[in-house]
Structure formats: structure tokens, C-alpha cells
Amino acid sequence: MTSECNCTVVVSSCDKYEDTWYPFFKILKAEWPDRPYPIVLVTESKSFEYGDMDIRTLHLYAPGERVSWGKLQKESLKRIDTEYVIFLLENFFLHGKVDQERIEQCIEWMDENRNISVFYFRETYSAHMQDGIYPHFEKIAKKGKYRLNCKAALWRRDKLIDYIRSHESPWEWENLGSIRSSRYKEDFYSAIEGEPYVFDYEFPDGGIYGGKWSPGVKELFERHDIDIDFSERGFASKWTGVRR
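Residues numbered from 1 in each chain as written. Predicted model: local features only at pLDDT ≥ 70, side-chain atom pairs only at ≥ 80, totals over all residues. Heavy atoms only, no water.

It is not clear to me how the packing of aromatic side chains should be interpreted in this structure. Could you clarify?
By convention here, two paired aromatic rings are described through the distance between centres and the angle between planes. Across all of its chains, the model carries 30 aromatic pairs by this definition. Where Trp32 meets Phe199, the ring centres are 5.3 Å apart and the plane angle is 90°; that geometry is what we call edge-to-face. With Trp32 in the loop between helix H1 (21-31) and strand S2 (39-42) and Phe199 in the loop between strand S9 (187-191) and strand S10 (208-209), the pair connects residues that are 167 residues apart, well separated along the chain. You can call Phe199 buried: its relative accessible area is 1%. Judged by centre distance (6.4 Å) and plane angle (55°), the rings of Phe121 and Phe137 are tilted. Separated by 16 residues along the polypeptide, Phe121 in the loop between strand S5 (116-120) and strand S6 (128-129) and Phe137 in strand S7 (residues 137-140) bring together distant segments of the chain. In this structure, Phe121 and Phe137 share a single accessibility class: buried. (Phe/Tyr/Trp six-rings, centres within 6.5 Å; stacked < 30°, edge-to-face > 60°. Helix = DSSP H or I, 4+ residues; strand = E, 2+ residues; numbered from the N terminus. Buried < 20%, exposed > 50% of the residue type's maximum accessible area, 1.4 Å probe, protein only.)

Shown next, in the form of C-alpha cells:
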């Protein structure tokens, strides 16, 4: 089976972040012109379209209905039928081209080694073991910090569903989930710091922090001819460590 029919791009978001969707998808289309995978936008109730991009929303909840992050992710992932998912957040505004060849290579490696759960496309600042098996990636130790995290990554979908608890927030998942992940037998791989990125975006600032726009997105949006009203959110003055 080719990866073109065996992978889905999952963009994790929520209705209240609807204002990020237009710039996110416009930039994604420009920086990933050879994307062969369909897209599922994970959000509670709203829909979104951009040009000829294959973007699906699932409408799992009523407008205004509050649901935990973990439940929204799990229920959405259960309704995707591909073996693999590329997990992204809606504020990962790309600064360069996506490396499609390396994505294909990672899928091939996961096809060959069924014990691999994830290739993180960014470094995880955790305990690693450079086993030298997969170029540009290193194995995350069993008790590595942030062994589970929300960075851009290629996941085996069924394992990601297993690892998420329905009641958890993203921060609980990254912290408590990483602790319990020491019991998992599967292998987790992280990009090596300093290596070229598969997905090139700013981190940890991203495009939004503390509920406000990162000052750097204005120049990025101008480069892509994106005209939006920044006044509703305003701009953050510094990194607060709070995403939503």
C-alpha cells in the first residue's frame, strides 16, 4: 500500500481558534505543494474550506459545547481510517518547504518496523539514544521527558489513540502521559537538534502564545499576502509559556 492512501494530515485546533485557519492553510498550501495526503481539521463544530485543498471537518459536537482536548483528539482520530497520521497544531505556521521525501522515508521505516510509534519532526530536549539506525533521528529513552508531546510528528494512528486519555488537557498529556509512557514497549524517535527540519516552524513561540499573536507572524503573513485583523487577539509582548 502506498503512503498516499495510508496517511492523513491531522490539524488539531478548536472552534475558538478559527481565526488561525485561513493563514495556516494558505501557508501550508504554498509550502507543501506536493502534499499527497487528505487533511482532517480537528475542531468541535465548525467547517473550513480553502481553495482545492482536501480539508474535512467532523462536526462531532454542538456549537458552544465544551469538550476536553483528549476526548476531541481521540474521537476524531477514531474516525480516520489511515494507518498513519501527521499531527500538527493550527499555529505551526511554516517558514519553509515541507520535506516530502523524508516523510515518505519515515513511513517506509514504520512499515518495516511495526514497533515504532512516532517520528517527531522536531527535537524533544529529552534523554536520547543515538542508535544510528535512522538518519536525522534518535531514539527517546524510556523515561525521557516529553516522550509524548504535541510537536509536528508522524504517528501510528492506533497507538496515538491508545496513548491519549479522554480527560486530559494537552499539558497533562505531555507531562503525565510521558511519565506513563515508560511502560510502553514501542519505540519513539525524535529529530536530532540542528538537523534540517521536515516541518520548519517557530517553536516554542509558534504563531500564538498566551492567546495572543506572536509578533513574528506579522512579517510572515505579509510575505504570504495574508491580510487579517490582528486587533481582536492583539500581540503578546513576551513568551508566557501558555498556549491557550
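Would you explain the pattern of salt bridges in this entry?
When charged atoms on two side chains of opposite charge get close, those side chains can pair. Scanning the entire structure with this criterion turns up eleven salt bridges. For Arg156, the salt bridge identified is with Glu83, shortest N-O distance 3.0 Å. Here Arg156 is found in strand S8 (residues 153-156), whereas its partner Glu83 is found in the loop between helix H2 (69-78) and strand S4 (84-89), with 73 residues between them in sequence. Using a relative accessible area of 23% as the deciding quantity, one classes Glu83 as partly exposed. Among the ionic contacts, a cluster of salt bridges with common partners joins Glu75, Lys78 and Arg79. (Salt bridge = Lys/Arg side-chain N within 4 Å of Asp/Glu carboxyl O.)

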